[in-house]
Amino acid sequence: MANIDRLRGFIAQTARIVERHGADEAATLAALEPELAALIISDDFLPAAYTVPHPQYYQQYLLYGDPQDRFSVVSFVWGPGQKTPVHNHRTWGAIGVLRGAELSTDYTKQDGKLIPGPTEKLEPGRVVAVSPTIGDVHQIANAYDDRVSISIHVYGGNIGRIHREVFVPESGAVKPFVSGYVNADTPNLWAAE
Ligand code: FE2
């Protein structure tokens, strides 16, 4: 059984951070990143239902959505070889790698085109951030073609409902995108141990 107390504690701490820092994105991320790093030291907090890959699509399981849409906590599960399209978020996000490893590539706009930066391998325990001010366009891939990778993401809004974009860097094509969530039920944060 999952150590749900650790997940509830992380969510409570995230709520305190967004309460304290409000729209100050840099202060929010600075306070949140060590909390996320502490959460992902162990995967004991994550119920098995939110670790299940799909044979074809990477999965986004909502773990918690703030009732005021100030933040959301999501489990991303990549099956072997799966990856996101190049996409943006339109809000801040912190990404913590829990299992496996991920390949992260940031993109920057130059002369109307999207230019990829270097691809970095993110190992378990690593936390990185995105946002419209520090760089909001990236692609994340499972680093492995023979196993599942999982990361925990925290965003400055309800990421499953935010209207954002996916990009095809080669053609410059832009498509509107709302990601949604694959789960109908969220973890019971109030369960007794
Ligand atoms: Fe992303």
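Refer to the structure presented above.
What counts and what doesn't
Residues numbered from 1 in each chain as written. Predicted model: local features only at pLDDT ≥ 70, side-chain atom pairs only at ≥ 80, totals over all residues. Heavy atoms only, no water. Helix = DSSP H or I, 4+ residues; strand = E, 2+ residues; numbered from the N terminus. Rg over C-alpha atoms; globule rule 2.2 N^0.38 Å. Buried < 20%, exposed > 50% of the residue type's maximum accessible area, 1.4 Å probe, protein only. Contact = heavy atoms within 4.5 Å. Areas by Shrake-Rupley, 256 points an atom, 1.4 Å probe, with all protein chains shown as cover. Lys, Arg positive; Asp, Glu negative; His and termini not counted. Charge placed at Lys NZ, Arg CZ, Asp CG, Glu CD. Donors = N, O, S within 2.8 Å, 3.2 Å for Na, K, Ca; no water. Core = buried A, V, L, I, M, F, W, Y, C linked by side-chain atoms within 4.5 Å.

Engineer: Is there a simple way to explain the overall build of the protein chain in this structure?
Structural biologist: Helix and strand counts for the protein chain stand at 2 helices and 11 strands. Moving toward the C terminus, one meets the helices and strands of the protein chain in the order α-α-β-β-β-β-β-β-β-β-β-β-β. Taken over the C-alpha trace, the protein chain has a radius of gyration of 16 Å; the compact-globule value for 193 residues is 16 Å, and the two agree within 12%. Considered along the principal axes of its C-alpha atoms, the protein chain spans approximately 55 × 40 × 30 Å. Evaluated residue by residue, the protein chain yields a buried proportion of 49% over its 193 residues. Across the protein chain, every contact between residues at least 6 apart in sequence was considered, and the portion connecting residues at least 24 apart equals 74%. Here the protein chain has roughly 9500 Å² of accessible surface; of this, 52% comes from carbon and sulfur atoms. Taken together, the 16 basic and 22 acidic charged side chains of the protein chain have centroids lying 3 Å from each other.

Engineer: Even after reading the chapter, I still don't get the coordination of the iron ion, so can you show me in this structure?
Structural biologist: Each pair of donors in an ideal four-coordinate tetrahedral metal site encloses 109.5 degrees, whereas pairs in an ideal six-coordinate octahedral site enclose 90 or 180 degrees. Around the iron ion, the protein contributes the donor atoms His87 (NE2), His89 (NE2) and His138 (NE2), at 2.1 Å from the metal centre. Counting residues between consecutive donors of the iron ion along the chain gives the motif H-x1-H-x48-H. Placement of His89 in the loop between strand 3 (86-87) and strand 4 (93-99) and of His138 in strand 8 (residues 137-142) is noted, with a sequence separation of 49 residues between them.

Engineer: What is the right way to read the nonpolar core from this model?
Structural biologist: Note that soluble globular proteins tend to have their nonpolar side chains buried in a common cluster. Judged by nonpolar contacts, the single largest core of 28 residues is most densely connected at Phe10, Ile11, Leu36, Leu46, Val73 and Ile152. Among the secondary structure elements, those contributing two or more residues to this core are helix 1 (4-21), helix 2 (25-39), strand 1 (59-65), strand 2 (72-78), strand 4 and strand 9 (149-155). Take this core: its biggest share by element is 6 residues, from helix 1. Among residues more than four places away in sequence, those in contact with Leu46 are Ala2, Thr51, Leu63, Ser75, Leu98, Ile150 and Ile152.

Engineer: Help me out: how do you make sense of unusual backbone geometry in this one?
Structural biologist: Leaving glycine out, the prevailing phi sign among residues is negative, and the prevailing peptide bond configuration is trans. Positive phi is not limited to glycine here, since Asp69 has a value of about 60 degrees. In this fold, Asp69 is placed in the loop between strand 1 and strand 2. Phi is positive for Arg90, which is not a glycine, with a value near 65 degrees. As for its placement among the helices and strands, Arg90 is situated in the loop between strand 3 and strand 4.

Geometric descriptors of this kind do not, in isolation, establish any biological role.
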